[in-house]
Structure formats: C-alpha cells, structure tokens
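# Residue-level structure breakdown
What follows is the residue order along each chain.
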Amino acid sequence: LDPPDTVGYEDALALLEHAAGDPTVARIMGELNRVAGESMDGEIARLDAALATIQTNLQRLEELLGPADAAELWHGTTCLRATLAFRRDVRTVTTYDALNPAMAERERFMQREMNRAVRDAGPEAKFVLMSHNMHLCRDPAAVARSDAGAGPGGKTDPPLGAYLAARYPGNIFSCWMLIGRGRDCHPFAGLPRE
C-alpha cells in the first residue's frame, strides 16, 4: 500500500491509452486524471467514481483492452484507492490504539494480494517475500513485546507471515535479520519507536 501514488495513476492510464477514443475509456481516463489542489477525501471520492465506472463497464473494457488488462485496471485502481485511504487514516494518528484499525486493514489487504498472487501463479509456484518490521513474522507471540505498539494486523488480524504459516503449514521458510535492537522504523514522528 505504500508505493508512490503516481505509479498507480501512470499504470492505469497506460492500460487505457490505446483505446482512448472510446467514450467509456475517455470517461475513465477523465476520472483518473489528477486534480490540482484536490483534497485526499476528494481524490478518494474521484477514485470511487472511477471504480464504479470500471465495474459498470467491465464487459466493454474486456472487449477493448482484453480480459487481463481490464482486470489489471480494476485491481490497480483498487490498490491506489486503498493506499490513499490508508494514508488518510494514519496521517493524524497520535496513539498506537488509533493506528491499529488502519494497520489491520493494511494487513488484510496484503493477505488478499498474496492470495491473488498464489491463485494467478498456480499450485507449483514459489514466492520470496521481503518486508521490514513484523509483517512476515510467523508467530508474533514468540517475539517479546511484539504487541507493544500497533504492529501489522493492528492487534486484531495476524501479520501476513502468520497468516501464510497457518494457511500453508510446513511450507514457509523465514529468515530474519534483526537491526537496531528493537527499534521500529515507522514514519510517525509522534509515536515511540522502541
């Protein structure tokens, strides 16, 4: 959920570019065009409108773009919207308790993304995942003070690593590199990092 948000726009518009003459595609491109000075809530509402247009016209988009690109347009725009919603929800947090709901939704999003990747890759595929902090921890309860702040899953959902370990028991190999002796690298200036 944390790539530069312009990447999502660029990818979506690139998928639509070759069919820009179609009125439906032109409408979606208009809804995806960034608006100078737009508030974050306004941007999320604009993306909601684009997603509604994409959903309503999915069959037409599949004809124009092909099923794979139409699905990627929906997926990429959904990811972009989720990124903005996450940023909106965490921009003013001053306590870990206030951060927990957004951290839970973020982890659920990563779980859905991983399920999609596994489904699309097929049963013989293997994956290498890399993260920081506790996202890939298979057993957070085994790590001292792992629940001290607002970690992945926000105290209500398992981090991606625990989710995958439960879903694929015996098929997960983890390698941890510990840096900073328990210091978190979160970006929230007002929250402790120990």
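Use the structure listed above.
Here is a short report on the structure shown in this document. (Residues numbered from 1 in each chain as written. Predicted model: local features only at pLDDT ≥ 70, side-chain atom pairs only at ≥ 80, totals over all residues. Heavy atoms only, no water.)

## Considering the overall build of the chain
For the chain, the count of helices and strands is seven helices and zero strands. The N-to-C order of helical and strand elements in the chain reads α-α-α-α-α-α-α. With 194 residues in all, the chain has 35% of them scored as buried. Here the chain displays about 11,700 Å² of accessible surface, and carbon together with sulfur accounts for 56% of that area. (Helix = DSSP H or I, 4+ residues; strand = E, 2+ residues; numbered from the N terminus. Buried < 20%, exposed > 50% of the residue type's maximum accessible area, 1.4 Å probe, protein only. Areas by Shrake-Rupley, 256 points an atom, 1.4 Å probe, with all protein chains shown as cover.)

## Comments concerning the pattern of salt bridges
Following the criterion strictly, the structure yields 14 salt bridges and no others. With a closest N to O distance of 3.0 Å, Asp-89 and Arg-88 form a salt bridge. A relative accessible area of 39% means that Asp-89 is categorised as partly exposed. Close ionic contact of Arg-119 with Asp-120 constitutes a salt bridge, the shortest N to O distance being 3.0 Å. Note on accessibility: Arg-119 and Asp-120 belong to one class, exposed. A cluster of three or more residues bridged by salt bridges with shared partners is formed by Arg-34, Glu-38, Glu-43 and Arg-46. (Salt bridge = Lys/Arg side-chain N within 4 Å of Asp/Glu carboxyl O.)

## Side note on the nonpolar core
Counting residues in hydrophobic clusters, the biggest one holds 20 residues, and the most contacted among them are Leu-16, Leu-32, Leu-61 and Leu-73. Those residues in contact with Leu-32 that sit more than four places away from it in its chain are Tyr-9, Ala-12, Leu-13, Leu-16, Arg-46, Leu-47, Ala-50, Leu-73 and Thr-77. In terms of nonpolar packing, the next biggest core, distinct from the first, is built from nine residues, Val-93, Tyr-96, Ala-102 and Met-103 among them. (Core = buried A, V, L, I, M, F, W, Y, C linked by side-chain atoms within 4.5 Å. Contact = heavy atoms within 4.5 Å.)

## Description of helix H2 (residues 23-32)
An α-helical turn contains 3.6 residues, so any two residues separated by three or four positions project in the same direction. Among the residues of H2, those classed as buried are Thr-24, Val-25, Ile-28, Met-29, Glu-31 and Leu-32. The arc enclosing the buried residues of H2, seen along the axis, measures out at 160 degrees, which places them on a common side. Opposite its buried face, H2 presents the exposed residues Pro-23 and Arg-27, each directed more than 90 degrees away. The N-capping residue of H2, defined by a side-chain oxygen 2.9 Å from the backbone nitrogen of Thr-24, is Asp-22. (Arc of directions from axis to C-beta. Polar contact = N/O pair within 3.5 Å; in protein donor to acceptor, adjacent residues only side chain to side chain.)

## Thoughts on the packing of helix H4 (residues 58-65) against helix H5 (residues 67-90)
For the pair H4 and H5, the least separation of the axes is 7 Å and the interaxial angle reads 125 degrees. The angle between the axes of H4 and H5 places the two elements in the oblique class. Seen from above, H4 lies across H5 with right-handed handedness. Where H4 abuts H5, its residues Leu-58, Leu-61, Glu-62 and Leu-65 lie against Pro-67, Asp-69, Ala-70 and Leu-73. A per-class count over the contact of H4 with H5 returns six nonpolar, no polar and two charged. (Axes fitted to C-alpha atoms, helices over the stretch in contact; angles between N-to-C directions. Parallel < 35°, antiparallel > 145°, perpendicular 65-115°, else oblique. Left-handed = near helix turned anticlockwise from the far one by under 90°. Nonpolar A, V, L, I, M, F, W, Y, C, P; charged D, E, K, R; others polar.)

## Describing unusual backbone geometry
Phi at Lys-155 is positive, roughly 70 degrees, even though this residue is not glycine. By secondary structure assignment, the location of Lys-155 is in the loop between helix H6 (96-121) and helix H7 (160-167).

## A look at the environment of Asp-11
Among the structural elements, Asp-11 can be located in helix H1 (residues 5-16). Residue Asp-11 is classed as partly exposed on the basis of its relative accessible area of 47%. Sequence separation between Asp-11 and Glu-72 is 61 residues; the distance between their C-alpha atoms is 9.2 Å.

## Digging into the environment of Gly-161
Checked against the element boundaries, Gly-161 lands in helix H7. The residues touching Gly-161, leaving out its near neighbours within four places in the chain, are His-135, Leu-136, Cys-137 and Arg-138.

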